[in-house]
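# Examining the three-dimensional arrangement
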Amino acid sequence: IGGMDRGLDYNPLVKFLSTSSVENIILLPSTNERIEDLFRKYEHNKKIIAVNNMEEAVKMSYEHTKKNQICLLSPAAASYGFYLNFEKRGEHFKQLVEEYSNI
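Structure report, in brief. Please read all numbers here as calculations on a predicted model, not as lab measurements.

This paragraph deals with the packing of helix H1 (residues 11–18) against helix H2 (residues 32–39). A pair of packed helices can be characterised by two numbers: the angle between their axes and the separation between those axes. It is the contact of H1 with H2, at a shortest axis distance of 9 Å, that shows an interaxial angle of 55°. Between H1 and H2, the crossing angle belongs to the class labelled oblique. Here H1 runs over H2; the crossing is right-handed. Facing Asn 11, Val 14, Leu 17 and Ser 18 of H1, the residues of H2 in contact are Ile 35, Leu 38 and Phe 39.

For the rest of this paragraph, the subject is the pairing of strand S1 (residues 24–27). Bridging between S1 and strand S2 (residues 47–50) involves four bridges; their strand directions are parallel. Residue pairing across strands places Asn 24 opposite Lys 47, the latter belonging to S2. Traced from S1 through H2 to S2, the parallel crossover comes out right-handed.

What follows deals with H2. Regarding H2, the residues found buried are Asn 32, Ile 35, Leu 38 and Phe 39. The buried residues of H2 occupy an angular sector of 125° when the element is viewed end-on, so they sit on one face. Each element contacted by the buried residues of H2 is listed here: H1, S1 and S2.

Turning our attention to the packing of aromatic side chains. All chains considered together, the criterion is met by one aromatic pair. Between the aromatic rings of Tyr 62 and Tyr 100, the centroid separation amounts to 5.7 Å while the plane-to-plane angle is 25°, which identifies the pairing as stacked. Separated by 38 residues along the polypeptide, Tyr 62 in helix H3 (residues 54–64) and Tyr 100 in helix H4 (residues 86–101) bring together distant segments of the chain. Residue classification places Tyr 62 among the partly exposed positions, given a relative accessible area of 37%.

In this section: the pattern of salt bridges. The final tally for this structure, using the stated rule, is six salt bridges. The salt bridge involving Glu 23 is made with Lys 66; its shortest N-O contact spans 3.5 Å. Taken together, the residues Glu 23 in the loop between H1 and S1 and Lys 66 in the loop between H3 and H4 connect sequence positions 43 residues apart. Of the residues examined, Lys 66 reaches a relative accessible area of 51% and is grouped as exposed. A salt bridge links Glu 91 to Lys 88; the nearest nitrogen and oxygen atoms lie 3.7 Å apart. Placement of the pair is Glu 91 and Lys 88 together in helix H4, with a separation of three residues, close to one helical turn. Owing to a relative accessible area of 40%, Lys 88 belongs among the partly exposed residues under this scheme. Members of the salt-bridge network, linked through shared partners, are Glu 36, Asp 37 and Arg 40.

About the cut-offs
Residues numbered from 1 in each chain as written. Predicted model: local features only at pLDDT ≥ 70, side-chain atom pairs only at ≥ 80, totals over all residues. Heavy atoms only, no water. Axes fitted to C-alpha atoms, helices over the stretch in contact; angles between N-to-C directions. Helix = DSSP H or I, 4+ residues; strand = E, 2+ residues; numbered from the N terminus. Parallel < 35°, antiparallel > 145°, perpendicular 65-115°, else oblique. Left-handed = near helix turned anticlockwise from the far one by under 90°. Contact = heavy atoms within 4.5 Å. Pairing = 2+ DSSP bridges. Right-handed = clockwise from strand over helix to strand, strands pointing away. Buried < 20%, exposed > 50% of the residue type's maximum accessible area, 1.4 Å probe, protein only. Arc of directions from axis to C-beta. Phe/Tyr/Trp six-rings, centres within 6.5 Å; stacked < 30°, edge-to-face > 60°. Salt bridge = Lys/Arg side-chain N within 4 Å of Asp/Glu carboxyl O.

Scope: geometric values only; no functional claims are made or implied.
This is the structure we're talking about:
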């Protein structure tokens, strides 16, 4: 989760995720600190992992996602400042996943 901070209210999302079956939450800049602070408001058993970029996010997803489980890119924030558009972000994510799957 994360991207350009446009001042959106992430409370409903964090509240939902806190009670969901999602085990790991990987946070991207620049909203990562704000979203991590919101998770502290809710009781949960999630592993919260803050990273600096998409490469680290994919690396952490491979380290923390159990075999035969799903890792979903769902940033809930704009990618401006990091990528030209959401398509380019998705393409980069796909490229990194393919690279890590061959390691």
